[in-house]
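Here's the letter readout for the chains.
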Amino acid sequence: MPPSISTVSLEALRHTAAHVLAYAVQDLFPDAKPTIGPAIENGFYYDFDRAEPFTPEDLGRLEQRMHEIVKADYPMTGERVDRAHALERYSRNPYKTEIAREIPEGEPITLYTIGDFTDLCRGGHADRTGEIGAIKLMSVAGAYWRGDEHKPMLQRIYGTAFPTQQELDDYLAFLEEAAKRDHRKLGQDLDLYSVEEDAGGGLVFWHPKGALIRSIVEEFIRDGLRERGYQGVVTPHVVSEKLYETSGHLDNFSHGMFGPLEVEGQRFRLKPMNCPGHILIYKSQGRSYRDLPLRYSEFGTVYRFERSGTLHGLTRVRGFTQDDAHLFCTPEQLQGEFEQTLDEALRLMRAFNFSEFKYFLSTREHRGPTDPIAEDAIRKALESHDLPYEVDEGGGAFYGPKLDINLHDAIGRPWQLGTVQVDFILPERFDLKYRGADGADHPPVMIHRALAGSMERFFGVLIEHFGGNFPAWLAPVQAVVAPISEHQLDYAYEVRDKLRARGFRVETDTSNEKLGFKIRHWKTQKVPYVLVVGKSELADGTVNVNQRATEEKRTVSIDAFADELAAVVAEKR
Ligand SMILES: [Zn+2]
Ligand SMILES: [Zn+2]
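Notes on the structure in this doc start here.

What counts as what
Residues numbered from 1 in each chain as written. Chains lettered and ligands numbered in written order. Predicted model: local features only at pLDDT ≥ 70, side-chain atom pairs only at ≥ 80, totals over all residues. Heavy atoms only, no water. Helix = DSSP H or I, 4+ residues; strand = E, 2+ residues; numbered from the N terminus. Buried < 20%, exposed > 50% of the residue type's maximum accessible area, 1.4 Å probe, protein only. Contact = heavy atoms within 4.5 Å. Areas by Shrake-Rupley, 256 points an atom, 1.4 Å probe, with all protein chains shown as cover. Lys, Arg positive; Asp, Glu negative; His and termini not counted. Charge placed at Lys NZ, Arg CZ, Asp CG, Glu CD. Donors = N, O, S within 2.8 Å, 3.2 Å for Na, K, Ca; no water. Tetrahedral: all angles 85-135°; square planar, octahedral: opposite > 155°, others 65-115°. Phe/Tyr/Trp six-rings, centres within 6.5 Å; stacked < 30°, edge-to-face > 60°. Lys NZ or Arg CZ within 6 Å of the ring centre and 35° of its normal. Axes fitted to C-alpha atoms, helices over the stretch in contact; angles between N-to-C directions. Left-handed = near helix turned anticlockwise from the far one by under 90°. Nonpolar A, V, L, I, M, F, W, Y, C, P; charged D, E, K, R; others polar. Pairing = 2+ DSSP bridges. Parallel < 35°, antiparallel > 145°, perpendicular 65-115°, else oblique. Expected span 1.5 Å × (residues − 1). Arc of directions from axis to C-beta.

Helix and strand content of the protein chain: 18 helices and 28 strands. Counting the 573 residues in the protein chain, one finds 51% classified as buried. A separation threshold of at least 6 residues defines the contact pool for the protein chain, and within that pool the share at least 24 residues apart is 70%. Counting only carbon and sulfur atoms, one obtains 49% of the accessible surface of the protein chain, whose full area is about 27,300 Å². Taken as two groups, the 69 positive and 89 negative side-chain charges of the protein chain have centres that lie 2 Å from each other.

Below, the discussion takes up the side chain of His 249. Note that His 249 resides in helix 9 (residues 249-253). A relative accessible area of 0% places His 249 in the buried class. Look past the residues within four positions of His 249 in its chain and what remains in contact with it is Tyr 244, Ser 254, Met 257, Met 273, Cys 275, Pro 276, Phe 398 and Tyr 399.

Moving on, we come to the environment of Tyr 493. In this structure, Tyr 493 sits in helix 15 (residues 489-501). Residues within four places of Tyr 493 in sequence aside, it is in contact with Thr 508 and Thr 510.

Looking now at the coordination of the zinc ion (ligand 1). For the zinc ion (ligand 1), the full set of protein donor atoms is His 15 (NE2), His 19 (NE2), Cys 121 (SG) and His 125 (NE2), at a range of 2.0 to 2.1 Å. Angles of 94 to 127° at the metal separate the 4 donor atoms of the zinc ion (ligand 1), which places the site in the tetrahedral class. Mapped onto the polypeptide sequence, the residues donating to the zinc ion (ligand 1) form the spacing pattern H-x3-H-x101-C-x3-H. You can see His 19 sitting in helix 1 (residues 10-28) and its partner Cys 121 sitting in the loop between strand 6 (117-120) and strand 7 (134-144), a full 102 residues away along the chain. Summarising the burial analysis for this pair, His 19 and Cys 121 share the class buried.

The subject of this paragraph is the coordination of the zinc ion (ligand 2). Those protein atoms acting as donors to the zinc ion (ligand 2) are Cys 275 (SG), His 326 (NE2) and His 448 (ND1), and they sit at 2.0 to 2.4 Å. Within one chain, the residues donating to the zinc ion (ligand 2) are spaced in sequence as C-x50-H-x121-H. Note that His 326 is positioned in strand 16 (residues 319-329) and His 448 in strand 23 (residues 445-454), a separation of 122 residues in sequence. Each of the two residues, His 326 as well as His 448, counts as buried.

To continue, consider the packing of aromatic side chains. Under the defined criterion, the tally for this structure stands at 18 aromatic pairs. Ring centres 5.4 Å apart and planes at 45° place the aromatic pair Phe 162 and Tyr 171 in the tilted group. When the centroid spacing of 5.1 Å and the interplanar angle of 20° are considered together, the rings of Trp 206 and Phe 459 count as stacked. Remark: Phe 459 occurs in helix 14 (residues 455-466) and Trp 206 occurs in strand 10 (residues 204-206); sequence separation between them is 253 residues. Taken as a pair, Trp 206 and Phe 459 share a single burial class, namely buried. Through successive ring pairs, a cluster of aromatic residues spans Phe 29, Tyr 46, Phe 48 and Phe 54. A cation sits over an aromatic face here: Arg 287 above Tyr 282, 5.3 Å from the ring centre. The ring of Phe 220 is capped by Arg 347, whose NZ or CZ atom sits 3.8 Å from the centre of that ring.

Between helix 1 and helix 2 (residues 56-71), the least distance of the axes is 9 Å, while the angle of their chain directions is 115°. Remark: the crossing between helix 1 and helix 2 carries right-handed chirality. Every residue of helix 2 that contacts helix 1 at Ala 17, Val 20, Leu 21, Tyr 23, Ala 24, Val 25, Asp 27 and Leu 28 is listed here: Arg 61, Leu 62, Arg 65, Met 66, Ile 69 and Val 70. Classifying every residue of the contact of helix 1 with helix 2 gives 11 nonpolar, no polar and 3 charged.

Reading across from one edge, 12-14-13 is the order of the 3 strands in this open sheet, with antiparallel pairing throughout. Of all the strands in the sheet, just strand 12 (238-240) and strand 13 (261-263) have a single pairing partner and so form its edges. Each strand axis lies, on average, 40° off the axis of its neighbour in the sheet, ignoring direction. Here 3 bridges tie strand 13 to strand 14 (residues 266-270), and the two strands are oriented antiparallel to one another. Bridged to Leu 261 within strand 14 is Phe 268.

In this section: the packing of helix 7 (residues 208-227) against helix 11 (residues 334-351). Two elements in contact, helix 7 and helix 11, have axes whose closest approach is 11 Å; the angle formed by their N-to-C orientations is 150°. Taken together, the axes of helix 7 and helix 11 are roughly antiparallel relative to one another. Considering the relative orientation of helix 7 and helix 11, their crossing is right-handed. Only Glu 344, Arg 347, Leu 348 and Ala 351 of helix 11 make contact with helix 7, whose side of the interface consists of Phe 220, Ile 221, Asp 223, Gly 224 and Leu 225. The residue makeup of the contact of helix 7 with helix 11, split by class, is 5 nonpolar, 1 polar and 3 charged.

The next thing to look at is helix 15. Look at helix 15: 18 Å from first C-alpha to last across 13 residues, which is about the 18 Å you get at 1.5 Å a residue. Among the residues making up helix 15, those that are buried are Tyr 491, Ala 492, Val 495, Arg 496 and Leu 499. Each buried residue of helix 15 sits inside an arc of 140° when the element is viewed along its axis, so together they form one side. Residues of helix 15 that are exposed and point over 90 degrees away from its buried face: Asp 490 and Ala 501. The inward-facing, buried residues of helix 15 abut strand 24 (479-483), strand 25 (506-508), strand 26 (529-533), helix 17 (535-540), strand 27 (542-547) and helix 18 (558-570). Immediately downstream of helix 15, the backbone of Gly 503 shows phi near 95°, a positive value.

Before going further, it helps to examine the sheet that holds strand 26. Backbone hydrogen bonds hold the strands of a sheet together, and the pairing may be parallel or antiparallel. Taken in spatial order, the 5 strands make up an open sheet running 25-24-26-27-28, and their pairing is mixed. Each having just a single partner strand, strand 25 and strand 28 (553-557) make up the two edges of the open sheet. Adjacent strand axes in the sheet meet at a mean angle of 30°, parallel and antiparallel pairs treated alike. Here strand 26 pairs with strand 27 via 4 bridges, running antiparallel. When the bridges of strand 27 are listed, Val 532 appears paired with Asn 544. Sitting on the sheet, helix 18 touches strand 24, strand 26, strand 27 and strand 28, and the angle it makes with strand 28 is about 110°.

Rendered as structure tokens:
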């Protein structure tokens, strides 16, 4: 978006727009009681108490009136009053009187006015309504007063405002693009996955096409792990609660865990983390400094409790599979291992076409004696890779500082995916040791890392990043052979089988639809190539290639197309 020329902050502008909305509501729906109207990320809202619901037509009329109020360019004037005055003024609005009563003694109570509308408010406004360049009402939703379900249900009208019409237009275009890419919509349209309410919310069912993409992603990650000397392990989904007592998760993370399961008097838990399992494997035998670093990796499925109201498609779920790994090393090896992890993260993000990353180093609130060593290793590793980073003081995990990797998708939205954490605490809690060169026992350092984060979240981000147009190396169906008439049906199968024999994922369209319909259908299914075969293709042993990304059509031999696709897949395009 172009930088705005206005001097008023966007927040003040949007908060002023909330006043303009309340003014319009006062004029058109005098029975509605205004409550609060703050600026929020991307806009503003105002909550009203009104028996009748606001309809989309009402929003249209309100927006019309708001434009008039903006155009009238009313000055925003403030006035300090005493509490009795405010209570008297709002004697028929229990929300405003509640606010007026709660303002602490000695703090100013202020009323702000535009035109004929006066609101009880702390301030933070534009000087005039005319500073609002563009305004739009977005939606209406229910909201409890003060977010408390025991209090009255209000109607929240959402809107947005910008200094210029161009900025509003850009924002609306962005929203439209984001809606088109919504992974929940595309997940259904392209038959990739579902969340089955019958099975409980937040649990993902991967359909064949989604599962196929996942297996390609996993294979790509596994290749990288093999090259870097990781060893795969597999650990149980349900383990004794004692393990999480020892790890400290019960004390520090029980709010995020499913409740206990009792079997033969013993309490078990669904695993919320893979670390304790990997630690037990480390501990299963004596370790020497010569064995280190040990790198255990697992596509480890974990279960975490999330409130149903916070669940969201693939990106906020209750069961997910991390591309998890735990590295056990000596303190001297820490920086090198961290650097290698950064290399891996870059390999992953580049392969999936992400070009913008951000790194956040989170330190621990209660720093222990080992934190400086860990932070130093992380900083040096980042600096050795010339990667700039920001520091989040106190945002680290309970067992150590961590590095979060954020990336920006194709339309510039940030996503938090990978995390790398350094940990001196768990090795101590589990009494891990290795025999050093000096013949004495020492605790190893652990690195926890998940780079894609979870397969579910990563897939959700990939769907939105590519807008469902997966590059050919990921596409669940790479090409569809579409015969023009039934006379080419056998040839269509022959083309399909030849391409399948070369390892490609190819289907045949056997429907009786017209060719134009077939091509459109497979383009909406976002298949990279539709191969049309008619009379001349049959005679010449060729295919007519319709590429998803272009309108270009060309006729090539089956082998030439197979060679081309092989090159595209090899280059991960
Ligand atoms: Zn205000
Ligand atoms: Zn871990």
